[in-house]
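# Structural characterization, general
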Amino acid sequence: QVQLVESGGGLAQAGGSLRLSCAASGRTSSVYHMGWFRQAPGKEREYVSAISMSTGITYYADSMKGRFTISRDNAKNTVYLQMNSLKPEDTAVYYCAARTVITGTPMASGSYNYWGQGTQVTVSS
């Protein structure tokens, strides 16, 4: 089992920044990738970014490239999402996810088997 706890959400102004954290506990040594997804009201869950916990290779949705940066601290079993140049359309609940089985692309939400509870990000214009 892997437990995930997100933090760092909140209110930001357009053009501002926020950093989300996702702390993992439990069988963290079995995690291959961790990812961030988001879901806005009335919309489907959307892929944001992912990172390989062993190699550090990162993946981004095209719309996040250049604005968001994912990173990891293996010593703390924590993954971060630095979000810059925030836009009102970035408003959503952001979820951290972990996968302990490699099944397809790390950009697919269905490939993750552990999820955090989510943290709200609200960007005002």
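Residues numbered from 1 in each chain as written. Predicted model: local features only at pLDDT ≥ 70, side-chain atom pairs only at ≥ 80, totals over all residues. Heavy atoms only, no water.

Attention now goes to the pattern of salt bridges. What the rule picks out here adds up to 4 salt bridges. Asp-62 is the partner of Lys-65 in a salt bridge, and the nearest nitrogen-oxygen pair spans 3.3 Å. Residue Arg-67 is joined to Asp-90 by a salt bridge in which the shortest nitrogen-to-oxygen separation is 2.7 Å. Here the residue Arg-67 occupies a position in the loop between strand 6 (58–60) and strand 7 (68–73), and Asp-90 occupies one in the loop between strand 8 (78–83) and strand 9 (92–99), the gap between them amounting to 23 residues. Accessibility expressed as a relative area gives 1% for Asp-90, which makes it buried. Look at the salt bridges and you will find they share partners, linking Arg-38, Glu-46, Arg-67 and Asp-90 into a network. (Salt bridge = Lys/Arg side-chain N within 4 Å of Asp/Glu carboxyl O. Helix = DSSP H or I, 4+ residues; strand = E, 2+ residues; numbered from the N terminus. Buried < 20%, exposed > 50% of the residue type's maximum accessible area, 1.4 Å probe, protein only.)

This paragraph deals with the nonpolar core. Residues Leu-4, Met-34, Trp-36, Phe-68, Leu-81, Met-83 and Tyr-94 are the most contacted members of the largest nonpolar core, which totals 35 residues. If one sorts the elements of this core by residue count, strand 9 sits on top with 5 residues. Ignoring sequence-local partners within four residues, the contact set of Met-83 consists of Gly-16, Ser-17, Leu-18, Leu-20, Arg-67, Phe-68, Tyr-94 and Val-121. (Core = buried A, V, L, I, M, F, W, Y, C linked by side-chain atoms within 4.5 Å. Contact = heavy atoms within 4.5 Å.)

Before going further, it helps to examine the side chain of Ser-111. The topology assignment puts Ser-111 in the loop between strand 9 and strand 10 (114–115). In this structure Ser-111 comes out as buried when scored by relative accessible area, which is 6%. Within the structure, Ser-111 has its side chain in polar contact with the backbone oxygen of Ala-108 (distance 2.7 Å). (Polar contact = N/O pair within 3.5 Å; in protein donor to acceptor, adjacent residues only side chain to side chain.)

Now for the packing of aromatic side chains. All chains considered together, the criterion is met by 4 aromatic pairs. An angle of 65° between the planes, with centres 5.7 Å apart, marks the rings of Phe-37 and Tyr-47 as edge-to-face. Here the residue Phe-37 occupies a position in strand 4 (residues 33–39), and Tyr-47 occupies one in strand 5 (residues 46–52), the gap between them amounting to 10 residues. According to the relative accessible area criterion, Phe-37 is buried, its value standing at 1%. Pairing Phe-37 with Trp-115 gives two aromatic rings, centres 5.1 Å apart and planes at 55°, and the pair type is tilted. On the criterion of sequence distance, the pair formed by Phe-37 in strand 4 and Trp-115 in strand 10 is long-range, its members being 78 residues apart. By relative accessible area, which is 30% here, Trp-115 ends up partly exposed. Here the aromatic residues Phe-37, Tyr-47, Tyr-112 and Trp-115 are joined through ring pairs into a cluster of three or more. For Arg-45, the ring lying beneath its charged end belongs to Tyr-95, and the centroid distance is 4.1 Å. Arg-45 extends its terminal NZ or CZ atom over the ring of Trp-115, reaching a point 4.6 Å from the ring centre. (Phe/Tyr/Trp six-rings, centres within 6.5 Å; stacked < 30°, edge-to-face > 60°. Lys NZ or Arg CZ within 6 Å of the ring centre and 35° of its normal.)

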